[in-house]
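# Descriptive structure summary
Chain residues, written in single-letter form:
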Amino acid sequence: MPGIPAQILILDDDADVAYAAKLLLRRAGQVTTLGDPSQVARYLQHSAPDVVLLDFNFTPGRTDGAQGLKVLDQLQALPNPPAVIAMTAYADVPLAVAAMKRGACDFITKPWDNARLAATVDAALARRAAAASPPPPATSALLGDSVAMRALRAAIANVGPTEANVMVLGENGVGKELVARGVHLASRRAAGQFLAVDMGSLPESMLESELFGHRKGAFTDARNDRAGRFQSASGGTLFLDEIGNLALAAQSKLLTALERREVTPLGADRPQTIDVRIISATNLDEARLYDAQGFRPDLLFRLNTIVIRVPPLRERPGDIPQLLTHYLALYQNQYGRPGRAIAPSAFDALCSHAWPGNVRALRHACERAVILSESELYSLADFGLHSADPVPVPAPSASTATALKLDALERDAVAASLEQAQGNISHAAKLLGISRAALYRKLEKHGL
Ligand SMILES: Nc1ncnc2c1ncn2[C@@H]1O[C@H](COP(=O)(O)OP(=O)(O)OP(=O)(O)O)[C@@H](O)[C@H]1O
């Protein structure tokens, strides 16, 4: 599988044999060695091996292979059984055959030939990857199998078919828009448009014309009639992103439209009925959202019939491996780069990273790793992350010192704009005069 290092278990009572196999197979994945079948049950409580190299006799003098066959049965009973490669003594063909009949996928005789053992393990891994079931369709865009994500999918499936307005809450980059699309796809409006409007970047002066449309001549630049987003999304879903950024005056216009279920384009003398379902989203924390000074409670009441909260990635680290696998494979494919695994230590660090920029940041980190990596395995640095260990930094030359100063200035400017915008990405981007996407890149670059 691309991305996640394969888990390889070697079960052999001969420590030297196990160590030699471990050295040989390290490049193929994360290798664990055990010396006694009684350790297997404990190991399986926290690990799911992809391949097991299994010896069959653990007690001196025994050659019947019964102990190994018992472990084989134990492994075969797992919900997702690993590929088992039987390791038998040279010429013990009957035992190898018995193992294959009980579910082992291959066998290798001891002492082994290094190239043959490596090829056998590679082939077992490749077969396993090919057999892995494809992701389910429908809301497949929303990856993650944590309890939180499963609950989220269930909520989408429940709420989708109703006509209720939905408000999606969560930090930047957690997947609010994906959730909104999921609700749309699960609704009877799925064949209609899903139209997203970034309320945060819409200048107040353009809000009415953008949302409700205008007639030719309604204002100086209105050279033609133009439908607003409410009309364009008719029969579908209108996704109002960054709703928490809406100025109070704009809030009252939106409220009127929602209450009357009609809009009047600028310059028109008659209102038009609207047929849209509204899904809104904000990264504002709930205390600020429910503060009547900033957001009209009557509008909130219209928008949040159903509230869906998307938890930050740090609260569902179990989703990280799947996201890494998905996005590394996506970009390897997109850029025609070879499939690589992540170095085990880097994988651990990626899984325990707090990801302040959530899934968006993880996705960008994967793209970066695919583009930059030149070694056999992805390292932590390929993802733009560094281990907690301080690395000695050489004294900067004059030119790097200038670059460092510029870098520090940029970091300060970005931090100051965020503070001034009280963490609101759209406002901060506007203050800096750059796009939201550019601001996200700078946030990641400076680890903010
Ligand atoms: N569960 C997920 N599975 C796969 N990809 C995800 C998931 N969540 C988010 N993403 C990806 O992360 C990126 C950000 O997602 P999205 O735009 O939905 O987040 P958001 O919460 O709406 O962000 P913002 O608040 O900044 O608008 C997208 O590229 C999206 O495809």
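Predicted, not measured: the structure shown is a model, and the values here were computed from it. (Residues numbered from 1 in each chain as written. Predicted model: local features only at pLDDT ≥ 70, side-chain atom pairs only at ≥ 80, totals over all residues.)

## With respect to the overall build of the chain
The condition that has to hold: Strands here mean DSSP runs of E at least two residues long; helices mean DSSP runs of H or I at least four residues long; both are numbered from the N terminus. Note on burial: count the other C-beta atoms lying within 10 Å of the residue's C-beta; 20 or more is buried, 12 or fewer is exposed, in between is partly exposed, and C-beta positions come from the backbone. Each residue is represented by a C-beta atom placed from its backbone, and any two residues with such atoms within 7 Å are regarded as in contact.
Across its full length, the chain holds 18 helices and 16 strands. Within the chain, buried positions represent 33% of all 448 residues. Sequence separation of at least 24 residues holds for 68% of the intrachain contacts in the chain that already meet a minimum separation of 6.

## Some words on the packing of helix α6 (residues 147–159) against helix α7 (residues 176–185)
The criterion, for reference: Axis angles are defined between N-to-C directions and span 0 to 180 degrees, where every axis is a line fitted to C-alpha atoms and, for a helix, only to the segment in contact. The labels follow the angle: roughly parallel below 35 degrees, roughly antiparallel above 145, roughly perpendicular from 65 to 115, and oblique for the rest. In this scheme the crossing of two helices becomes right-handed for a clockwise turn of the near helix relative to the far one and left-handed for an anticlockwise turn of less than a right angle.
Where α6 contacts α7, the two axes come as close as 8 Å, and the packing angle between them is 40 degrees. One element, α6, and the other, α7, form an angle in the oblique class. Crossing of α6 over α7 shows right-handed handedness. Judged by residue contacts, L152, I156 and V159 of α6 engage V179, G182 and V183 from α7.

## Description of the packing of helix α13 (residues 320–335) against helix α15 (residues 358–372)
Packed helix pairs are characterised by how far apart their axes lie and by the angle those axes make with each other. Just so we agree on the cut-off: Amino acids outside the nonpolar list (Ala, Val, Leu, Ile, Met, Phe, Trp, Tyr, Cys, Pro) and the charged list (Asp, Glu, Lys, Arg) are all regarded as polar, and Gly is one of them.
Between α13 and α15, whose axes approach to 9 Å, the crossing angle comes to 45 degrees. Considering their axes alone, α13 and α15 lie oblique with respect to each other. Between α13 and α15 the crossing geometry is right-handed. Of the residues in α15, those in contact with L323, L324, Y327, L328, Y331, Q332 and Y335 of α13 are V359, L362, R363, C366, E367, A369, V370 and I371. Among the residues forming the contact of α13 with α15, the class breakdown is 12 nonpolar, one polar and two charged.

## Some remarks on the environment of L54
Note on placement: L54 falls in strand β3 (residues 51–55). It is 9.2 Å that separates the C-alpha atoms of L54 and L69, two residues lying 15 residues apart in sequence. If near-sequence neighbours (up to four positions away) are discounted, L54 is found in contact with L11, G68, V71, L72, V84, I85, A86 and M87.

## As for the site of the ligand
Operational definition: Should the C-beta atom of a residue, placed from the backbone, lie within 6 Å of a molecule or strand, that residue is near it. Where a domain begins and ends is set by an automatic assignment or by a domain database.
The environment of the ligand is made up of 19 residues, and the closest members are L143, G175, K176, E177 and V359. Split into classes, the residues belonging to the shell around the ligand amount to eight nonpolar, six polar and five charged. A domain split of the shell around the ligand shows at least three residues from each of domain 2 (146–311) and domain 3 (315–383).

## Some remarks on the UniProt feature "modified residue: 4-aspartylphosphate" (unreviewed entry) in the chain
The criterion, for reference: UniProt positions are given in the numbering used here, feature names are shortened, and annotations may be inferred rather than shown by experiment.
Using the residue numbers shown here, the UniProt feature "modified residue: 4-aspartylphosphate" (unreviewed entry) corresponds to D55. Mapped onto the secondary structure, D55 falls in strand β3. If sequence neighbours within four positions are ignored, D55 has contacts with L11, D12, D13, G68 and M87.

## Some details on the environment of A66
If you trace the backbone, A66 turns up in helix α3 (residues 66–76). Counting along the chain gives 10 residues from A66 to F56, while the straight-line C-alpha distance between them is 6.9 Å.

## Some thoughts on the sheet that holds strand β7 (residues 194–198)
Heads up, the condition is: For two strands to count as paired, DSSP must find a minimum of two bridges between them.
Spatially, the five strands line up as an open sheet ordered β7-β10-β13-β6-β14, and their pairing is parallel. Whereas interior strands pair on both sides, the edge strands pair on one side only; in this sheet they are β7 and β14 (306–309). When strand polarity is set aside, the average angle formed by the axes of neighbouring strands in this sheet is 20 degrees. Relative to strand β10 (residues 237–241), β7 runs parallel, the two being bridged by five bridges. When the sheet's bridge partners are listed, L195 is paired in β10 with L238. This element, α7, spans β6 (166–169), β7, β10, β13 (277–282) and β14 of the sheet and lies at about 165 degrees to β13.

## What about the nonpolar core?
In plain terms, the rule: What makes a nonpolar core is a set of buried Ala, Val, Leu, Ile, Met, Phe, Trp, Tyr and Cys residues, with links drawn between C-beta atoms within 7 Å.
Core analysis: the largest hydrophobic core is formed by 58 residues, its most contacted members being V168, V179, F230, L238, L362 and C366. Here this core gets seven residues from one element, more than from any other, and that element is α15. Taken domain by domain, this core gets at least three of its residues from each of domain 2 (146–311) and domain 3 (315–383).

## A word on the sheet that holds strand β1 (residues 6–11)
If you walk across this open sheet you meet the five strands as β2-β1-β3-β4-β5, and the pairing is parallel. Of all strands in the sheet, those with a lone pairing partner are β2 (29–34) and β5 (106–110), marking the two edges. Direction aside, the axes of adjacent strands within the sheet are offset by 20 degrees on average. One ladder, built from five bridges, connects strand β4 (residues 83–89) with β5; its direction is parallel.

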